[in-house]
Amino acid sequence: MVLSWIMSILAVVALSVVADLLLGGKRMGKFVNAIFASLTILIIVAPVPNIIRNGIDADNILFIPGINVDESYLDYANNLKTSRLARGVVDELSKEGYRNVEVEIKGEFNDEIKITSVVINLSKLVMDEKVVHINKYDAITRLVSSYLGVDKGVIMIYE
């Protein structure tokens, strides 16, 4: 509906320009321009009574019918986000001396990322000499919490 209304306005304006080019500034040209201007105004205000009577439906204006969200693509994009975040956590832990750590991140990815859980598997953990005497659970929890900006309560560590 909105698209056809806009197309009608553009068509009348285009015809008006063509008529103006053909007739120029002659007396007949001024008369034709006045007719096209009146027609343009009528087309612009034509939907107003319908809007007053039925109200405005923002869904019909903003969304074109027939366009659907591809849920499989959204799932793919969300999986990509979580795997990139997990890879970043693994890299960060590696820099700090904790290698061969497996990380799984779950969350809600709507307008912003909300991480609901971080599962860390330490079954294959290899630690550098500099961190052998540090409490690995506290240190890893602190590093992951800081890196992801999440509460320590959403981080679960197991071996």
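Read on for a plain summary of the structure. Only a predicted model underlies this, so the values are computations on that prediction, with no experimental measurement involved.

Calculation notes
- Residues numbered from 1 in each chain as written.
- Predicted model: local features only at pLDDT ≥ 70, side-chain atom pairs only at ≥ 80, totals over all residues.
- Heavy atoms only, no water.
- Phe/Tyr/Trp six-rings, centres within 6.5 Å; stacked < 30°, edge-to-face > 60°.
- Helix = DSSP H or I, 4+ residues; strand = E, 2+ residues; numbered from the N terminus.
- Buried < 20%, exposed > 50% of the residue type's maximum accessible area, 1.4 Å probe, protein only.
- Core = buried A, V, L, I, M, F, W, Y, C linked by side-chain atoms within 4.5 Å.
- Salt bridge = Lys/Arg side-chain N within 4 Å of Asp/Glu carboxyl O.
- Axes fitted to C-alpha atoms, helices over the stretch in contact; angles between N-to-C directions.
- Parallel < 35°, antiparallel > 145°, perpendicular 65-115°, else oblique.
- Left-handed = near helix turned anticlockwise from the far one by under 90°.
- Contact = heavy atoms within 4.5 Å.

Another point: the packing of aromatic side chains. The geometry of an aromatic ring pair comes down to the distance between the two centres and the angle between the two planes. The final tally for this structure, using the stated rule, is 1 aromatic pair. A ring pair is formed by Tyr 73 and Tyr 76, whose centres lie 6.3 Å apart and whose planes are at 40°; its orientation type is tilted. Of this pair, Tyr 73 and Tyr 76 both sit in helix H5 (residues 71-95), 3 residues apart, which is roughly one turn of that helix. On the basis of relative accessible area, Tyr 73 is assigned to the exposed category, the value being 52%.

Bringing the nonpolar core into the picture now. Formed by 22 residues in total, the largest nonpolar core has its most connected members in Tyr 98, Val 103, Val 118, Ile 120 and Val 144. Breaking this core down by element, the ones donating at least two residues are H5, strand E2 (102-109), strand E3 (113-121) and helix H6 (136-148). Per-element accounting of this core gives the leading share, 5 residues, to H6. If you look at the next biggest cluster of nonpolar residues, it comprises 6 residues, including Ile 9, Val 12, Phe 36 and Ile 43.

Two side chains bearing opposite charge may form a pair once their charged atoms approach each other closely. According to the stated counting rule, one finds 6 salt bridges in the structure shown. One salt bridge in this structure joins Arg 87 and Asp 91, with 2.7 Å as the shortest N-O distance. With Arg 87 and Asp 91 both in helix H5 and 4 residues apart, this pair spans about one turn of that helix.

With that settled, the discussion passes to the packing of H5 against H6. Where H5 meets H6, the axes come as close as 10 Å, and the angle between the chain directions of the two elements is 135°. Taken together, H5 and H6 sit at an angle that is classed as oblique. Judged by the sense of rotation from one axis to the other, the crossing of H5 with H6 is right-handed. Counting all contacts with H5, which are made through Leu 85, Gly 88, Val 89, Glu 92 and Leu 93, the residues of H6 involved are Ile 140, Leu 143, Val 144, Tyr 147 and Leu 148.

Mapping Ser 117 onto the fold places it in strand E3. Judged by relative accessible area, which is 11%, Ser 117 ranks as buried. Those residues within four positions of Ser 117 in sequence are excluded, and the remaining contacts are Glu 104, Ile 105, Lys 106, Val 154 and Met 156.

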